[in-house]
Structure formats: C-alpha cells, structure tokens
Amino acid sequence: APWRRRRRWELLAFLELAGLCGLAITQPLLDLIGRSPDFLLMERVDTLDVVLLAVAIALVPPVALWGLGAASGLAGRQWRRAVHILVVTGLGVALAVQVGKQLTGVRGLPLAVAAVLAGLVGTVLYLRLRVLGKILRVASVGPLLSAGLFLFASPASALVLPQSTPAPQAGPATAAKRPPILVFALDELPLSSLLDERGKIDAYTFPNLAWLAERSTWY
C-alpha cells in the first residue's frame, strides 16, 4: 500500500509539472518558433527534425524536472516534496513572466520582481487549495496540444504538411502576365529587430521596409 501511494503521488506530481511546463515553457517557445519559420528554413531542417523539435520541447522539460525531483526522493520524502514545491515555484515565476510580457509593458527588474512575488503567491495558493493541483493535472495535456498546434496550425506547418498544389506550367503567355519578382535578403539581420509590439514591420523606424512589406509577399 505505501508503494502504491508513492507511485500515485509521483504520477500526480508529474502531471502537475507537465501542466505548468505547458503554460510556462512549451506554449510560449513553440509559439515563438512557429511564428518565425524563417529560422527553421535557414537551418534547412526537414519534416522529421521539426517533429522531433516539437516533441522534445513538449516532453523534455516536464520529464527532466520530474526526474530531478524523483532523484531527490532518495534523500527522503521531505526532500522530495520540498524539491517539487521549489520546481512548482520556479515554473510559476516563469509563467508570471510570460503573462506579464503579454499583458503589460513592464520589463527588466520590475517584471522580474513582480514575477517572483506572483510565483510565491501562486505556490502558497497551490499548497492551500487542492483544486489548483487538480487544474494543473487537467492542463497536463497542454504540451501535446501545443506541439500539435505548432505542427499543424502554425506557419511552421508548411514544413510538415505536404504541399499538394501543383506548380503551373510556364508558357510564353503566362510568363508575360507575371509581375516582376524581387528577392530581397538581408544576412544576419534578426527579423525581431524590424518588428513592433504587434509583430508588424515598425513603420516609424523602418518606413521603407514597411512600405515594401505592405505591397509585397513578405516572409
């Protein structure tokens, strides 16, 4: 009976960490990569590489953190629970950072301090309210859902899903009707340096590039 209770506790602990990792690590990271498939294109990855990347980001963090806690259990149950709570707090701080970036304009040290305080408050509530643990266990499917959205619904899905549209045959008449095409490539200039907070080309700082992006197919 004690061994069964221990196994059940470890399973619930893993599910809680998976739920937090999905919110604090997997979803933000895959969303960032999915909105910038040019990074994957530059690395010349294939379909298998993209799938393995998504699976690794979804599974490695919760498995690694749970494994760290399980190893601490060799020192006793008190150490095991203390490490679990510490990991929950760290993930709560990471989640608070992500939420703060999305909802506020606060950055730097103020954001870090606010995130630490939010993480500590969240840990206290987690210890006092059992329903929060149940919510995290339900959210444990989050990493897999984020991986699925990344592979099949994000711009990066073009590297995974087959492209079945056949290329039109180019005859003299077809070529004459095509507009002129200009391929403009900038080496070692991060795309994020050109974007504003909405993810669009910053028209104030780069008016000419914004003009070009509005009148062309921009990747």
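Our subject is the structure listed above.
Residues numbered from 1 in each chain as written. Predicted model: local features only at pLDDT ≥ 70, side-chain atom pairs only at ≥ 80, totals over all residues. Heavy atoms only, no water.

J.: Would you explain the overall build of the protein in this entry?
T.: Helices and strands together make up the secondary structure of the protein, namely nine helices and zero strands. Secondary structure elements of the protein, listed N to C terminal, follow the sequence α-α-α-α-α-α-α-α-α. Taking 219 residues into account, the globule formula puts the C-alpha radius of gyration at 17 Å, and the protein, at 23 Å, lies well above it. Along the first, second and third principal axes, the C-alpha set of the protein runs to 80 × 40 × 30 Å. Split into buried and exposed, the 219 residues of the protein put 29% on the buried side. Averaging the locations of the 21 positively and 13 negatively charged side chains of the protein gives two centres separated by 19 Å. (Helix = DSSP H or I, 4+ residues; strand = E, 2+ residues; numbered from the N terminus. Rg over C-alpha atoms; globule rule 2.2 N^0.38 Å. Buried < 20%, exposed > 50% of the residue type's maximum accessible area, 1.4 Å probe, protein only. Lys, Arg positive; Asp, Glu negative; His and termini not counted. Charge placed at Lys NZ, Arg CZ, Asp CG, Glu CD.)

J.: Would you mind going over the packing of aromatic side chains with me for this structure?
T.: By convention here, two paired aromatic rings are described through the distance between centres and the angle between planes. A full pass over the atoms with the stated rule returns one aromatic pair. Ring centres of F14 and W66 lie 6.2 Å apart, and the angle between their planes is 85°; on these two criteria the pair is classed as edge-to-face. With F14 in helix α1 (residues 2–34) and W66 in helix α3 (residues 47–72), this pair connects stretches of sequence that are 52 residues apart. Here F14 falls in the partly exposed class, since its relative accessible area comes to 25%. Its relative accessible area of 29% is what places W66 among the partly exposed residues. (Phe/Tyr/Trp six-rings, centres within 6.5 Å; stacked < 30°, edge-to-face > 60°.)

J.: Is there a simple way to explain the packing of α1 against α3 in this structure?
T.: Packed helices, taken two at a time, are described by the angle between their axes plus the distance between the axes. As a packed pair, α1 and α3 sit with axes 8 Å apart at the nearest point and diverge in direction by 145°. As α1 packs across α3, the resulting crossing turns out to be right-handed. Of α3, the residues touching α1 (which contributes E10, F14, L17, A18, C21, I25, T26, L29, L30 and I33) are L53, A54, I57, A58, P61, P62, V63, L65 and W66. Partitioned by chemical class, the residues of the contact of α1 with α3 number 17 nonpolar, one polar and one charged. (Axes fitted to C-alpha atoms, helices over the stretch in contact; angles between N-to-C directions. Left-handed = near helix turned anticlockwise from the far one by under 90°. Contact = heavy atoms within 4.5 Å. Nonpolar A, V, L, I, M, F, W, Y, C, P; charged D, E, K, R; others polar.)

J.: Would you explain a nonpolar patch on the surface in this entry?
T.: Side chains of L109, V113, V116, L117 and L120 sit close together on the surface and give an oily, nonpolar patch of about 470 Å² of accessible area. Turning to its location among the elements, L117 is positioned in helix α5 (residues 108–128). Take L117: its relative accessible area is 52%, and that puts it in the exposed class. (Patch = residues over 30% accessible without salt bridge, like charges linked within 9 Å, V, L, I, M, F, W, Y side chains within 5 Å. Areas by Shrake-Rupley, 256 points an atom, 1.4 Å probe, with all protein chains shown as cover. Salt bridge = Lys/Arg side-chain N within 4 Å of Asp/Glu carboxyl O.)

J.: What should I look at first to understand the nonpolar core in this one?
T.: Grouped burial of nonpolar side chains is what soluble globular proteins tend to show. If you look at the biggest cluster of nonpolar residues, it comprises 13 residues, and the most contacted ones within it are L40, V50, F150 and L151. Among the secondary structure elements, those contributing two or more residues to this core are α1, α3 and α7 (142–152). Among the elements that take part in this core, α3 stands out by supplying four residues, more than any other. When near neighbours in sequence (up to four residues on either side) are disregarded, L151 contacts V50, V51, A54, S157, V160 and L161. L20, C21, L91 and L136 belong to the second-largest nonpolar core, a separate cluster that totals nine residues. (Core = buried A, V, L, I, M, F, W, Y, C linked by side-chain atoms within 4.5 Å.)

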